[in-house]
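Spelled out, the chains give:
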Amino acid sequence: MASRFHVDPTFTGYGKSGVRLLKIKRSGKYHDIKQIEVATELKLANYQDYITGNNTSVIPTDTQKNTVYALAKDHPVNDIEEFALHICNHFLSTHKQVDHISVTIDESPWKRIQQGGVDHAHAFVLNPEVIRFCSVTQARGENPKVSGGLKEMQILKTTQSGFTGFCKDKYTILPESTDRSFCTKVTCRYQFDTTRGVDFSSCWNFAKNTILEEFAGPPHFGVYSPSVQNTLYKAETKILKSIPQIGYVEMVMPNIHYFTVNMAPFGMSNKDEILMSTDKPAGLIKAALSRKPTAKL
């Protein structure tokens, strides 16, 4: 008897998450490392494993984990996007029952130790300034869809930020300000329309540096931000204008608040010198930009 229920292919799938590995590349005494965390998700041509318990098409998640390790052994793993594309190609070319695969990778931010301004040959320190990530999805017979980005980049400036002219109603108690601290933790994801001629690391570094430049401004006098929204928009605009292969970019910038501590009860003045940080509640600002479609004549 046929089932009255329909399997939703947009949600259904299975895979392995949290596959962590460290690759060491040795060139004499000089070593390079890359530590990544990989997640794979497969969608198969049938759902018999779900419907009838028939597992003949199922590639075990343990096999997916081992495949990531094995592929990393023979791949340079320079750009995480390139390695994710390699994983997708392997499963689609090796297993005909795989209809669709998604691969996401986070890269751990290891930095080479410097001593007296000299890079150490084989010693590193974890420098959690920012985390690089990527996602690649590919359906059988179609081109891969590649996105990259950064997350957990917390930045702060102590002036050159304000917020005025906003809508006010009976519940508004927030005072207008033309000089306030501005702290946020940035997440940015960009999607490539094409990977032709793309240097993934250069794109990632450009996106990171663009966000920092639009946030901070020139080193000696900074740049004024009238709102988190405006700073976010200017960074996204510059990324799209500068990298033609990127067709979509989205950013999330929570407004992490710092409040001036009332020290009057102690008989002390506090002119925004001692501030109290609060992680919740926080303002949540996000936006996405894409290129306008070209008109067809």
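For the structure itself, consult the block above.
Criteria and thresholds
Residues numbered from 1 in each chain as written. Predicted model: local features only at pLDDT ≥ 70, side-chain atom pairs only at ≥ 80, totals over all residues. Heavy atoms only, no water. Phe/Tyr/Trp six-rings, centres within 6.5 Å; stacked < 30°, edge-to-face > 60°. Buried < 20%, exposed > 50% of the residue type's maximum accessible area, 1.4 Å probe, protein only. Lys NZ or Arg CZ within 6 Å of the ring centre and 35° of its normal. Helix = DSSP H or I, 4+ residues; strand = E, 2+ residues; numbered from the N terminus. Expected span 1.5 Å × (residues − 1). Arc of directions from axis to C-beta. Contact = heavy atoms within 4.5 Å. Polar contact = N/O pair within 3.5 Å; in protein donor to acceptor, adjacent residues only side chain to side chain. Salt bridge = Lys/Arg side-chain N within 4 Å of Asp/Glu carboxyl O. Pairing = 2+ DSSP bridges. Axes fitted to C-alpha atoms, helices over the stretch in contact; angles between N-to-C directions.

Enquirer: Got a minute to help me understand the packing of aromatic side chains in this structure?
Expert: Centre-to-centre distance and the angle between the planes together describe a pair of aromatic rings. What the rule picks out here adds up to four aromatic pairs. Pairing F163 with F166 gives two aromatic rings, centres 4.8 Å apart and planes at 15°, and the pair type is stacked. Here F163 falls in the partly exposed class, since its relative accessible area comes to 27%. A ring pair is formed by F192 and F200, whose centres lie 5.4 Å apart and whose planes are at 85°; its orientation type is edge-to-face. Per residue, the accessibility class of F192 equals that of F200, and both read buried. Geometry around F215 places K157 over its ring, the cationic atom sitting 5.3 Å from the centre.

Enquirer: I keep staring at helix 4 (residues 200-216) and nothing clicks. Help me out?
Expert: Along an α-helix, a turn takes 3.6 residues, which lines up residues three or four apart on a common side. Here helix 4 is 17 residues long and its end C-alpha atoms lie 24 Å apart, about the 24 Å a rise of 1.5 Å per residue gives. Among all positions in helix 4, only F200, C203, W204, A207, K208, T210, I211, E214 and F215 are buried. End-on view of helix 4: buried residues confined to an arc of 155°, all on one side of the axis. Looking at the buried residues of helix 4, the elements they touch are helix 3 (80-94), strand 6 (131-139), strand 7 (145-157), strand 8 (182-192), helix 5 (228-242) and strand 9 (246-260). Between the side-chain oxygen at the start of helix 4 and the backbone nitrogen of S201 there is a gap of 3.2 Å, and the oxygen is on D199. Taken from the residues just after helix 4, G217 is the one with a positive phi, measuring 80°.

Enquirer: Sorry if this is basic, but what is going on with the pattern of salt bridges here?
Expert: Pairing is possible between side chains of opposite charge, provided their charged atoms come close. Going through the model one piece at a time under the given rule, you end up with 14 salt bridges. Across the pair E37 and R20 runs a salt bridge whose closest N-O atoms are separated by 2.8 Å. Of the two residues, E37 is situated in strand 2 (residues 30-44) and R20 in strand 1 (residues 14-27); the sequence distance between them amounts to 17 residues. In this structure, E41 engages K43 in a salt bridge whose closest nitrogen and oxygen atoms are separated by 3.5 Å. Several salt bridges share partner residues, and in doing so they unite D79, E81 and R132 into one network.

Enquirer: Quick question: what am I supposed to make of the sheet that holds strand 6 here?
Expert: Adjacent strands of a sheet form backbone hydrogen bonds with each other and so pair up, either parallel or antiparallel. With antiparallel pairing, the eight strands of this open sheet are ordered in space as 1-2-3-6-7-8-9-10. With one partner strand each, in any of the chains shown, strand 1 and strand 10 (275-290) form the two edges of the open sheet. The mean angle between the axes of side-by-side strands here comes to 15°, regardless of whether they run parallel or antiparallel. Pairing of strand 2 with strand 3 (residues 98-107), which is carried by nine bridges, proceeds in the antiparallel orientation. Across the sheet, the residue bridging to A39 is T104, located in strand 3. Taken strand by strand, helix 5 contacts strand 8, strand 9 and strand 10, and its axis lies near 155° from that of strand 9.

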